[in-house]
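Topology and contacts: notes
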Amino acid sequence: CGVFGVYAPGEDVAKLTYFGLYALQHRGQESAGIATFEKDGRVHSHKDMGLVSQVFNESLLAKLTGNLGIGHTRYSTTGSSRIVNAQPALVETRLGTLALAHNGNLVNTAELRQELLDRNCNLVTTTDSESIAIAIGLEVDNGKDWLEAAIGAFQKCRGAFSLAIGTPAGMMGVRDPHGIRPLVIGELEGNPSRYVLASETCGLDIIGARYLRDVQPGELVWITDEGLASFQWNREPSRKLCIFEMIYFARPDSVMHDESLYSYRMRLGRQLAEESPADVDIIIGVPDSGIPAAIGFSQATGIRYAEGLIKNRYVGRTFIQPTQTMRESGIRMKLNPLKDVLQGQRVLMVDDSIVRGTTSRKIVQALRDAGATEVHMRISSPPVTHPCFYGIDTDNQDQLIAATQSVEQIEAKIGVDSLAYLSWEGMLKATGEDPTQFCSACFTGDYPIAIGEPLKRSKLM
Ligand code: 5GP
Ligand code: SF4
Ligand code: MG
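As the structure is a prediction and not an experimental result, all values here were calculated from the model. Numbering of residues begins from 1 in every chain and follows the order in which that chain's sequence is written. Here every chain gets a letter starting at A, and every ligand a number starting at 1, in the order they are written. Residue-level local features of this predicted model are given only where pLDDT is at least 70; pairs of side-chain atoms are given and counted only at 80 or more, and the full residue set underlies all totals for whole chains, interfaces and linings.

What follows covers the nonpolar core. Formed by 137 residues in total, the largest nonpolar core has its most connected members in Ile165 and Val347. For each domain, the first and last residues come from an automatic or database assignment. Of the residues that make up this core, three or more belong to each of domain 1 (2-239) and domain 2 (262-432). The nonpolar core criterion groups buried Ala, Val, Leu, Ile, Met, Phe, Trp, Tyr and Cys residues into a set whenever they are joined through C-beta atoms within 7 Å. Exposure criterion: with C-beta atoms placed from backbone coordinates, a residue whose C-beta has 20 or more other C-beta atoms within 10 Å is buried, one with 12 or fewer is exposed, and one in between is partly exposed.

Now the structure itself:
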């Protein structure tokens with residue numbers, strides 16, 4: 001999911017939030033929502049199924065007045081794809097309304113829900129996100145102030161949560177103690193007390209906000225008229241940023257570790273070329289996520305980079321659509337091969353990852369139909385063998401092709417002349433950061449946050 005928040009008295013916060021969400025659309029395409037707060041605590045909100053541009057229009061935005069805005073784009077992990085599950089989640093408390101936008105996934109949702117039900121809370125939706133909001137509300141109703149209440153509730157949450165929270169008193173930005181999902185802080189130029197929260201820096205760029213820093217793992221920032229205050233709500237943070245954010249999920253123009261992900265992904269491609277070159281005529285990338293690595297591969301080998309596939313940018317990511325049938329039919333809608341580029345060529349195609357192998361198989365067939373004489377595939381990350389429990393919906397382990405099949409078997413299944421993945425060591429080398437600072441469980445099964453038995457059984461073989 002994408003989360004966004006802006007505290008900017010005197011500005012059109014609904015429009016700023018709208019554009020922030022527009023830049024974070026790639027993080028979730030099922031639903032979108034905005035809540036705004038007036039100075040007196042009144043809240044306006046609008047959310048619906050669909051893309052940001054489908055959910056909002058000028059007249060709807062004009063009704064969302066106030067000095068604080070919280071926004072969300074959703075892609076479902078816990079909870080089904082339905083309108084009641086759209087965010088921000090709104091909860092009424094003793095101190096007024098709370099609006100919460102969540103990116104990530106809790107691994108103790110069942111326990112948390114049960115505890116809330118035992119305490120007579122009324123749960124409307126099926127999401128872990130609503131549970132977090134209600135847990136905060138409960139603490140407020142028990143007499144705590146916003147900060148104490150939020151920190152009290154976070155102690156009960158296990159898993160991945162990057163949050164933007166609006167209250168009548170101010171705005172919070174929060175990351176779980178592992179910082180699995182990203183969250184950055186920006187400042188609107190010219191006024192130091194106007195702060196922005198966004199999942200990625202591309203959400204700041206679009207509204208002309210300057211990147212200040214990341215919200216740290218286990219940190220809560222509290223933004224009010226007085227400025228920005230920081231609280232380390234968890235004393236034992238241990239940084240475990242999702243490495244798939246860098247490899248695939250986040251936008252290439254977003255910056256992490258002082259570098260665009262475009263540059264990072266090119267480096268993955270160069271490393272891959274060093275490890276697994278091939279004698280071919282052209283290098284192509286699978287749009288959009290495989291392209292930077294394909295360019296890196298081409299640079300390292302000196303083999304010509306070409307565009308062999310054209311993407312219809314207006315179809316959502318096939319992966320994010322909830323059913324297998326939709327996924328299968330989504331692929332041809334999305335990519336079309338260029339016959340005159342591919343005809344008679346030995347092609348090496350680079351992609352960021354193989355999950356189920358269904359997309360890859362179809363693309364390979366399409367390249368052959370378009371006249372490619374050989375198709376070699378190179379993947380700029382290691383084999384995905386384990387499901388994610390922290391907010392990227394990689395399905396059950398039995399759906400992951402590399403969980404059960406060898407590279408040779410996958411090669412045969414997707415119908416390529418050769419297949420190679422980036423090695424684990426190569427990925428670490430290109431990443432250049434301390435490998436202990438990342439979650440890479442989908443390659444190793446080494447989950448940094450313990451998964452409870454029932455949840456484990458639901459997804460692991
Ligand atoms: P497959 O061949 O496994 O069906 O699809 C692989 C493609 O799915 C890659 O191009 C990758 O960019 C894309 N993809 C979509 N969503 C995800 C995701 O959540 N995780 C990963 N690793 N890849 C994804
Ligand atoms: Fe990211 Fe994989 Fe860890 Fe999930 S399991 S947080 S996708 S690295
Ligand atoms: Mg892709």
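All right, on to the UniProt feature "binding site: [4Fe-4S] cluster" (unreviewed entry) in the chain then. This chain's UniProt record puts "binding site: [4Fe-4S] cluster" (unreviewed entry) on Cys242, Cys388, Cys439 and Cys442. Across 201 residues in sequence, these annotated residues keep their C-alpha atoms within 10.1 Å of one another, forming a single compact spot. Structurally, the position occupied by Cys388 is in the loop between strand S21 (374-379) and helix H14 (401-404). Throughout, a residue-residue contact means that the two C-beta atoms, derived from backbone geometry, are no farther apart than 7 Å. Setting aside residues up to four positions removed in sequence, Cys388 forms contacts with Thr394 and Cys442. Helix and strand definitions here come from DSSP, where helices need a minimum of 4 consecutive H or I residues and strands a minimum of 2 consecutive E residues; each element is numbered from the N-terminal end. Counting through the fold element by element, Cys442 comes out in helix H17 (residues 441-444). Those residues in contact with Cys442 that sit more than four places away from it in its chain are Phe244, Val384, His386, Cys388 and Thr394. UniProt positions are given in the numbering used here, feature names are shortened, and annotations may be inferred rather than shown by experiment.

This part is about the sheet that holds strand S2 (residues 31-37). Strands were regarded as paired on the criterion that DSSP finds at least two bridges between them. Overall, antiparallel pairing links the 7 strands, which are arranged S3-S2-S4-S1-S10-S9-S11 in an open sheet. In this open sheet, the two strands that pair with only one neighbour each are strand S3 (43-49) and strand S11 (209-214). Neighbour-to-neighbour, the strand axes of the sheet open up by a mean angle of 15°, direction not taken into account. Direction of pairing for strand S1 (residues 2-7) relative to strand S10 (residues 195-198): antiparallel, over a ladder of 4 bridges. Bridged to Gly5 within S10 is Leu197. Where helix H1 (residues 13-23) meets the sheet, it contacts S1, S2, strand S4 (68-74) and S10, and its direction lies at approximately 25° from that of S4. Helix axes use the C-alpha atoms of the stretch in contact, all axes being lines fitted to C-alpha atoms, and the angles between their N-to-C directions lie in the range 0 to 180 degrees.

The UniProt record marks Cys1 with the feature "active site" (unreviewed entry), using the residue numbering of this structure. Following the sequence through the fold, Cys1 ends up in the segment before S1. With 24 C-beta atoms counted inside 10 Å, the residue Cys1 sits in the buried group. Leaving out residues up to four positions away in the same chain, Cys1 has contacts with Arg27, Gly28, His72, Thr73, Arg74, Tyr75, His102 and Asn103.

This paragraph deals with the site of ligand 2. Nearness here is judged by the C-beta atom: place it from the backbone, and if it falls within 6 Å of a molecule or strand, the residue counts as near that partner. Taken together, Ile180, Cys242, Ile243, Phe244, Cys388, Tyr390, Ile392, Cys439, Ser440, Ala441 and Cys442 form the complete shell of residues around ligand 2. Looking at the shell around ligand 2, the elements with two or more residues in it are helix H8 (243-249) and H17. Residues are grouped as follows: Ala, Val, Leu, Ile, Met, Phe, Trp, Tyr, Cys and Pro are nonpolar; Asp, Glu, Lys and Arg are charged; all remaining types, including Gly, are polar. A class-by-class count of the residues in the shell around ligand 2 yields 10 nonpolar, 1 polar and no charged.

With respect to the helices and strands, the residue Gly186 is situated in strand S9 (residues 184-188). Residues Gly186 and Ala372, spaced 186 residues apart in sequence, show a C-alpha to C-alpha distance of 47 Å. With residues up to four places along the chain from it excluded, the contact list for Gly186 reads Val196, Ala198, Leu204, Ala209, Arg210, Tyr211 and Leu212.

The subject of this paragraph is the sheet that holds strand S5 (residues 89-93). With respect to topology, 6 strands assemble into an open sheet ordered S5-S6-S7-S8-S12-S13, the strand pairing being antiparallel. Bordering the open sheet on either side are S5 and strand S13 (227-232), each of which pairs with just one other strand. Mean inter-strand twist for the sheet, computed between neighbouring axes without regard to direction, equals 20°. Of the strand pairs in this sheet, strand S12 (residues 219-224) and S13 are connected by 6 bridges, and their pairing is antiparallel. Bridging from a neighbouring strand, Val221 pairs with Ser230 of S13. Set on the sheet, helix H5 (residues 128-141) makes contact with S5 and strand S6 (96-103); between it and S5 the angle comes to about 15°.

Two elements in contact, helix H4 (residues 109-118) and H5, have axes separated by 10 Å at closest approach and are oriented at 40°. Classified by the angle their axes make, H4 and H5 are oblique. Every pair of crossing elements has a handedness; the one defined by H4 and H5 is left-handed. Touching Thr109, Leu112, Arg113 and Leu116 of H4 are Asp128, Ser131, Ile134 and Ala135, all from H5. Grouping the amino acids of the contact of H4 with H5 by side-chain chemistry returns 4 nonpolar, 2 polar and 2 charged. We call two directions roughly parallel when the angle between them is under 35 degrees, roughly antiparallel when it is over 145, roughly perpendicular when it lies between 65 and 115, and oblique otherwise. Take the far helix as the reference: if the near one is turned anticlockwise from it by less than a right angle, the crossing is left-handed, and if turned clockwise, right-handed.

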